[in-house]
Amino acid sequence: MKILAVDLGLKRTGVAISDAREMLAFPIGTVEEWDLKRLVDRIATIAAEQGAEWLVVGHPRNMDGSRGESARRAESFADSLAQKAGLPTELWDERMTTVSAIGFLNQTDVRGKKRKQVVDTVAATIILEDYLQSRRLRGVDPSKQT
């Protein structure tokens with residue numbers, strides 16, 4: 001099953017997709033949109049174009065696990081996206097993914113404007129990789145999912 005992951009940001013939102021066998025996560029890109037309604041429309045369109053069957057939205061909880069403004073915004077976005085796309089949607093704990101993405105970009109020496117353009121996409125890819133690994137550890141068989 002192809003799974004689309006979203007790293008929701010205030011100005012830029014990263015998007016990644018898995019292969020149908022749920023083995024690999026591929027970065028799609030970054031959507032620059034601050035209006036949530038327009039962003040929902042754009043992500044739903046991307047999901048349809050990519051043939052996504054499931055959606056995962058990063059859930060930015062605080063380090064102590066509590067929900068702040070960003071987490072509530074992600075929850076609202078995920079609900080709207082699920083309705084618009086007509087697909088099952090799951091929130092996924094994204095604590096430290098942006099930090100991991102920045103670390104990866106540091107290791108690969110990506111700097112300046114290019115870094116700003118890709119950090120959200122890398123974060124979405126990390127969210128998706130974590131989610132796919134969790135499914136594998138739980139013994140979920142992608143060929144039996146719909």
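Residues numbered from 1 in each chain as written. Predicted model: local features only at pLDDT ≥ 70, side-chain atom pairs only at ≥ 80, totals over all residues. Heavy atoms only, no water.

1. Digging into helix 2 (residues 69–85)
Next, step 1: Between its first and last C-alpha, helix 2 extends 24 Å over 17 residues, near the 24 Å set by a 1.5 Å rise per residue.
Next, step 2: Within helix 2, burial applies to Ala71, Arg73, Ala74, Glu75, Phe77, Ala78 and Leu81.
Next, step 3: Residues of helix 2 that are buried sit in contact with strand 1 (3–7), helix 1 (36–50), strand 4 (54–59) and strand 5 (89–93).
Next, step 4: A positive phi of about 65 degrees marks Gly86, the residue just after helix 2. (Helix = DSSP H or I, 4+ residues; strand = E, 2+ residues; numbered from the N terminus. Expected span 1.5 Å × (residues − 1). Buried < 20%, exposed > 50% of the residue type's maximum accessible area, 1.4 Å probe, protein only. Contact = heavy atoms within 4.5 Å.)

2. Concerning the pairing of strand 5
Next, step 1: The pairing of strand 4 with strand 5 spans five bridges and is parallel. Looking across to strand 5, one finds that Gly58 is bridged to Trp92.
Next, step 2: In this fold, the crossover linking strand 4 to strand 5 by way of helix 2 has right-handed handedness. (Pairing = 2+ DSSP bridges. Right-handed = clockwise from strand over helix to strand, strands pointing away.)

3. Notes on the nonpolar core
Next, step 1: Formed by 20 residues in total, the largest nonpolar core has its most connected members in Leu4, Ile43, Phe77 and Leu81.
Next, step 2: For this core, the secondary structure elements donating two or more residues are strand 1, strand 2 (12–18), helix 1, strand 4 and helix 2.
Next, step 3: Setting aside chain neighbours within four positions, we find Leu4 in contact with Val15, Ala16, Ile17, Ile28, Ile43, Ile46, Ala47, Ala52, Trp54, Leu55 and Val56.
Next, step 4: Ile3, Ile127, Leu128 and Tyr131 belong to the second largest nonpolar core, which has 13 residues in total. (Core = buried A, V, L, I, M, F, W, Y, C linked by side-chain atoms within 4.5 Å.)

4. Structural notes on unusual backbone geometry
Next, step 1: One non-glycine residue with positive phi stands out, namely Glu22, at about 60 degrees.
Next, step 2: Here Glu22 shows up in the loop between strand 2 and strand 3 (25–32).

5. Topic: the pattern of salt bridges
Two side chains that carry opposite charge are able to pair once their charged atoms sit near each other.
Next, step 1: Taken as a whole and judged by the stated rule, the model has seven salt bridges.
Next, step 2: One salt bridge connects Asp41 with Lys37, and the closest N-O pair in it is separated by 3.8 Å. Note that Asp41 and Lys37 are positioned in helix 1 at a spacing of four residues, about one turn of the helix.
Next, step 3: The salt bridge partner of Arg67 is Glu75, with a shortest N-O separation of 2.7 Å.
Next, step 4: Residue classification places Arg67 among the partly exposed positions, given a relative accessible area of 40%.
Next, step 5: Take Glu75: its relative accessible area is 16%, and that puts it in the buried class.
Next, step 6: What you see here is one network of salt bridges that share partners, running through Glu33, Arg38 and Arg42. (Salt bridge = Lys/Arg side-chain N within 4 Å of Asp/Glu carboxyl O.)

6. Digging into the pairing of strand 4
As a general feature of sheets, a regular strand has side chains that alternate between the two faces.
Next, step 1: In terms of residue burial, strand 4 counts as a mostly covered element, since six of its six residues are buried.
Next, step 2: Of the strand pairs in this sheet, strand 1 and strand 4 are connected by four bridges, and their pairing is parallel. Looking across to strand 4, one finds that Leu4 is bridged to Leu55.

7. Comments concerning the packing of helix 1 against helix 2
Next, step 1: Their axes nearest at 9 Å, the elements helix 1 and helix 2 cross at an angle of 50 degrees. If you check the angle between helix 1 and helix 2, you find them oblique. Crossing of helix 1 against helix 2: the hand is right-handed. On the side of helix 1, the interface is formed by Leu36, Leu39, Val40, Asp41, Ile43 and Ala44, while helix 2 contributes Arg73, Phe77, Ser80, Leu81, Lys84 and Ala85.
Next, step 2: Counted by class, the contact of helix 1 with helix 2 contains eight nonpolar, one polar and three charged residues. (Axes fitted to C-alpha atoms, helices over the stretch in contact; angles between N-to-C directions. Parallel < 35°, antiparallel > 145°, perpendicular 65-115°, else oblique. Left-handed = near helix turned anticlockwise from the far one by under 90°. Nonpolar A, V, L, I, M, F, W, Y, C, P; charged D, E, K, R; others polar.)

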